[in-house]
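# Structure at a glance
What follows is the residue order along each chain.
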Amino acid sequence: MPAHAAPSLGPSASPAERTAPAGVPPRNAPKTATIRLTGTDRGCLQASEFVERTLGDWQLDRCRADALTIVTELAAGAVRDTLADNPGEETAPEVWLKLTLRPTHLVCAVTDRSRSLPRYPLATGPLKEHGRGLHLVEALSEHWGWTRYAPMGKTVWAMLPTRPRT
């Protein structure tokens, strides 16, 4: 299973960008949008609506279908893991979705407080109902991976190219 270091989700300024006047964002500064999802099945719907709205605002319709599939899979995994780690908990666990638009990529990142690490089954049968999520993420993204936090929690991320395919 790929376990890459998370890409820098913050701005990485070039020397020209570092000299921009105070308070003026650099021309190629990443755009970021974040939402707290309910750690329930409703969280997946929230994630989809958020992706639709955000990508519409950023005029990234060409990434919409792949981003929706990736975010839905990542959010569903996060919700499943957090619910499994906290059975009977009265408040829904926190799950965060962050979209970052960089000059050449859209980064979709889902963070949860689960101790469970992403599961990437080596083989899935044609009739299996579960276990295909990370296979879809891998197929649709240019890069993906996860970062673990101590004592618990993780972020699973995927990068989509924003340039039109040729």
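Right, let's talk about the sheet that holds strand β3 (residues 105-112) for a bit. What the 5 strands build is an open sheet, ordered β1-β2-β3-β5-β4; its pairing is antiparallel. Only two strands of the sheet have a single partner each, and these edge strands are β1 (31-38) and β4 (143-148). Taken pair by pair, the neighbouring strands of this sheet meet at an average axis angle of 15°, ignoring direction.

Any region with low pLDDT has predicted coordinates that should not be read closely. Mean pLDDT over the protein chain works out to 77, with 67% of the residues at or above the 70 mark. Confidence drops under a pLDDT of 50 for residues 1-25, and excluding neighbours within four residues, the segment shows 36 contacts in the predicted structure.

A word on the nonpolar core. In terms of nonpolar packing, the biggest core is built from 33 residues, with Val51, Trp58, Leu97, Leu99, Leu106 and Cys108 touching the most fellow members. Sorting the residues of this core by element identifies β1, α2 (41-57), α3 (64-85), β2 (94-101), β3, α4 (133-140), β4 and β5 (154-161) as the ones contributing at least two each. Sort the elements by how many residues they give to this core and α3 lands first, with 8 residues. Discounting residues that sit within four places of it in the chain, tryptophan 58 has contacts with Lys31, Thr32, Ala33, Leu99, Thr100, Leu101 and Leu106.

Among the residues making up α4, those that are buried are Gly133, Leu134 and Val137. Mapping the buried residues of α4 onto a view down its axis gives an arc of 90°, with all of them on the same face.

Another aspect to go through is the environment of alanine 75. Looking at where alanine 75 falls in the secondary structure, it is placed in helix α3. In this structure alanine 75 comes out as buried when scored by relative accessible area, which is 0%. In this structure alanine 75 touches Leu37, Cys44, Ala47 and Val110, once residues within four positions along its chain are discounted.

Under the 1.5 Å per step criterion, the end-to-end length of α2 is 25 Å for 17 residues, consistent within 8% with the ideal 24 Å. Positive backbone phi, approximately 55°, marks glutamine 59, located one or two places after α2.

Keep in mind that most residues, glycine aside, have a negative phi and that most peptide bonds are trans. The peptide bond linking alanine 150 to proline 151 adopts the cis configuration, its omega dihedral lying at 0°. Relative to the helices and strands, proline 151 is located in the loop between β4 and β5. A positive phi is found at glutamine 59, a non-glycine position, where the angle reads about 55°. As for its position among the elements, glutamine 59 is in the loop between α2 and α3. Classification of glutamine 59 as exposed rests on a relative accessible area of 65%.

Before going further, it helps to examine the pattern of salt bridges. For the structure shown, the criterion picks out 3 salt bridges. Glutamate 94 is paired through a salt bridge with arginine 36; the nearest N and O atoms lie 3.9 Å apart. In this pair, glutamate 94 is assigned in strand β2 and arginine 36 in strand β1, connecting sequence segments 58 residues apart. With a shortest N-O distance of 3.0 Å, lysine 154 and aspartate 112 are connected by a salt bridge. On the criterion of sequence distance, the pair formed by lysine 154 in strand β5 and aspartate 112 in strand β3 is long-range, its members being 42 residues apart.

With respect to the helices and strands, the residue threonine 162 is situated in the segment after β5. Ignoring sequence-local partners within four residues, the contact set of threonine 162 consists of Leu60, Arg62, Cys63, Leu101, Pro103, Thr104, His105 and Leu106.

With that settled, the discussion passes to the side chain of aspartate 112. What makes aspartate 112 buried here is its relative accessible area of 3%. Separated by 2.8 Å, the side chain of aspartate 112 and the backbone nitrogen of serine 114 make a polar contact. When residues no more than four places from it in sequence are discounted, the contact partners of aspartate 112 are Ala78, Thr82, Glu94, Val95, Gly153 and Lys154.

Rules of the game
- Residues numbered from 1 in each chain as written.
- Predicted model: local features only at pLDDT ≥ 70, side-chain atom pairs only at ≥ 80, totals over all residues.
- Heavy atoms only, no water.
- Pairing = 2+ DSSP bridges.
- Helix = DSSP H or I, 4+ residues; strand = E, 2+ residues; numbered from the N terminus.
- Axes fitted to C-alpha atoms, helices over the stretch in contact; angles between N-to-C directions.
- pLDDT = per-residue confidence, 0-100.
- Contact = heavy atoms within 4.5 Å.
- Core = buried A, V, L, I, M, F, W, Y, C linked by side-chain atoms within 4.5 Å.
- Buried < 20%, exposed > 50% of the residue type's maximum accessible area, 1.4 Å probe, protein only.
- Arc of directions from axis to C-beta.
- Expected span 1.5 Å × (residues − 1).
- Salt bridge = Lys/Arg side-chain N within 4 Å of Asp/Glu carboxyl O.
- Polar contact = N/O pair within 3.5 Å; in protein donor to acceptor, adjacent residues only side chain to side chain.

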